[in-house]
Amino acid sequence: MKFAIALFAAPHQPASRRALRFAQATLAGGHEIVRLFFYQDGVHSASSNVVSPQDELDLPREWREFVTANGLDSVLCIAAALRRGVLNAEEAQRYARSAANLEAPWELSGLGQLHEAAQQADRLVCFGGQ
Amino acid sequence: MSKSLLIISRQAPWSGPGAREALDIALAGGAFDLPIGMLFLDDGVFQLSAGQQPGQLQQKNLGANLQALPMFGVEELYASQRSLSERGLGDSELNLAVQRLDDSELTALLERYDQVITL
């Protein structure tokens, strides 16, 4: 089965961990993830500037390793990311900001990517909605 | 045949970017000619309250953006009558033409859509 997975919650909220575990289980079960889409506070889970205490789960790192290892299509809504200060080098330059905190494997794109993924998938599964 | 998507908007317009970000999903879907519906539920019905003055909070008027929904082809617009009544808006004129649904109609509405996003 093809899954599109959307995450709306920040990395320190339980929904982000649940989304990651669900995504891992999806692949482990032999299913396909057509796209991960991070929206609202979910964009913080892709930030490379999150520093987790040493004895705590480092969710942004786990997300990055999971996405990279599996070559997943993973997209952040660009408007949501800019509003929350999650910028890649290109956007940092465009808006004359002093730092970038988003790198590969993450991409910045529009909400059309969420709709496209939802159309392609058999199931759209959302985490961290209100 | 495109899958239909219902967006359930549950945030008041003054409680953060949630209401606007729910609307943006609907508008983006409309721009792609997808079958999109939008339901205002719980505090989300405050978005429909007429005569708001968000400028006093240095905020933009979300009500003006809601008017774009029909222009983007999103014409299936609903609000929970219970949510409206609980917030003193049961008999109020709203700033958007929505169908008011009772609880049993909400159940039927959720059944009709292939996918649901709640924000």
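Bear in mind the structure is a predicted one, so any value in this text is a computation, not a measurement.

Visitor: Go over the overall build of chain A, please, and point to the residues and values.
Guide: Looking only at helices and strands, chain A features 5 helices and 5 strands. Taken over C-alpha atoms, the radius of gyration comes to 14 Å for chain A, in line with the 14 Å a tight globule of 130 residues would show. Principal axes of the C-alpha set define a box for chain A whose edges measure 45 × 40 × 30 Å. Counting across all 130 residues of chain A, residues that qualify as buried make up 43%. Taking as baseline every contact in chain A between residues at least 6 positions apart, the subset at least 24 positions apart corresponds to 75%.

Visitor: Describe in detail the sheet that holds strand β5 (residues 123-127) of chain A, supporting the description with residues and values.
Guide: All names here are of chain A. Strand order in the open sheet formed by 5 strands is β4-β3-β2-β1-β5, and the pairing between neighbours is parallel. Looking at strand neighbours, the two that pair on one side only are β4 (107-109) and β5, the edges of this open sheet. Pairwise comparison of adjacent strand axes, ignoring direction, gives a mean angle of 25 degrees for this sheet. The strands touched by helix α5 (residues 112-120) within the sheet are β1 (2-7), β2 (32-38), β3 (74-77), β4 and β5, with β2 carrying the most contacts at an inclination of about 155 degrees.

Visitor: Summarise the interface of chain B and chain A; cite the residues concerned and give the values.
Guide: By a widespread convention, an interface's size corresponds to the accessible area lost as its parts come together. On the side of chain A, 16 residues touch chain B, which itself brings 18 residues to the contact. Looking at the side of chain B that touches chain A, the elements with two or more residues in it are α1 (18-31) and β5 (115-118) of chain B. Sort the elements by how many residues they give to the side of chain B that touches chain A and α1(B) lands first, with 6 residues. Looking at side-chain class alone, the side of chain B that touches chain A contains 8 nonpolar, 6 polar and 4 charged residues.

Visitor: Which residues make up the sheet that holds strand β3 (residues 76-80) of chain B, and what values go with them?
Guide: Residues and elements named next belong to chain B. The strand order β4-β3-β2-β1-β5 describes an open sheet built from 5 strands, whose pairing is parallel. The open sheet is flanked by β4 (99-101) and β5, the only strands paired with a single partner. Adjacent strand axes in the sheet meet at a mean angle of 25 degrees, parallel and antiparallel pairs treated alike. Across the sheet, α1 lies against β1 (5-9), β2 (36-40) and β5, angled at about 160 degrees from β1, the strand it touches most. Along the sheet, helix α5 (residues 103-112) makes contact with β1, β2, β3, β4 and β5, crossing β4 at roughly 110 degrees.

Visitor: Could you give an account of the confidence of the model for chain B, naming the residues involved and the relevant values?
Guide: For chain B, mean pLDDT is 95; residues scoring 70 or higher make up 100% of the total. In the model output, the complex is listed with pTM 0.94 alongside ipTM 0.93.

Visitor: Just give me the short version of the packing of helix α1 (residues 14-28) of chain A against helix α2 (residues 59-70) of chain A, but keep the residues and values in it.
Guide: Residues and elements named next belong to chain A. At a minimum axis separation of 10 Å, α1 and α2 run at an interaxial angle of 20 degrees. Taken together, α1 and α2 sit at an angle that is classed as roughly parallel. The handedness of the crossing between α1 and α2 comes out as left-handed. Between α1, through Ser 16, Arg 17, Leu 20, Ala 23, Gln 24 and Leu 27, and α2, the contact on the second element is made entirely by Leu 59, Glu 62, Trp 63, Phe 66 and Asn 70. The class makeup of the residues in the contact of α1 with α2 is 6 nonpolar, 3 polar and 2 charged.

Visitor: Any details on unusual backbone geometry? Residues and values, ideally.
Guide: With an omega dihedral of 15 degrees, the bond running from Ala104(A) to Pro105(A) counts as a cis peptide bond. Residue placement: Pro105(A) occurs in the loop between α4 (89-94) and β4. With phi around 50 degrees, Gln40(A) is a residue other than glycine that occupies positive phi space. Tracing the backbone shows Gln40(A) in the loop between β2 and α2. Owing to 24 C-beta atoms within 10 Å, Gln40(A) belongs among the buried residues under this scheme. Phi is positive for Gln58(B), close to 55 degrees, though the residue is something other than glycine. Among the secondary structure elements, Gln58(B) is positioned in the loop between β2 and α2 (62-66). What makes Gln58(B) exposed here is the crowd of 6 C-beta atoms within 10 Å.

Visitor: Pulling in residues and values, what's your account of the pairing of β3(B)?
Guide: Consecutive side chains of a regular strand alternate in pointing toward one face of the sheet and then the other. All names here are of chain B. Bridge count for β2 against β3 is 4 bridges, and the pairing is parallel. Each residue of the ladder has a partner; that of Gly 37, found in β3, is Glu 76. As paired strands, β3 and β4 are joined by 3 bridges and run parallel to one another. When the bridges of β4 are listed, Tyr 78 appears paired with Gln 99. As for the winding sense of the linkage, the β-α-β connection from β3 through helix α4 (residues 81-86) to β4 is right-handed.

Conventions we followed
Residues numbered from 1 in each chain as written. Chains lettered and ligands numbered in written order. Predicted model: local features only at pLDDT ≥ 70, side-chain atom pairs only at ≥ 80, totals over all residues. Helix = DSSP H or I, 4+ residues; strand = E, 2+ residues; numbered from the N terminus. Rg over C-alpha atoms; globule rule 2.2 N^0.38 Å. Buried ≥ 20, exposed ≤ 12 C-beta atoms within 10 Å, placed from the backbone. Contact = placed C-beta atoms within 7 Å. Pairing = 2+ DSSP bridges. Axes fitted to C-alpha atoms, helices over the stretch in contact; angles between N-to-C directions. Nonpolar A, V, L, I, M, F, W, Y, C, P; charged D, E, K, R; others polar. pLDDT = per-residue confidence, 0-100. Parallel < 35°, antiparallel > 145°, perpendicular 65-115°, else oblique. Left-handed = near helix turned anticlockwise from the far one by under 90°. Right-handed = clockwise from strand over helix to strand, strands pointing away.

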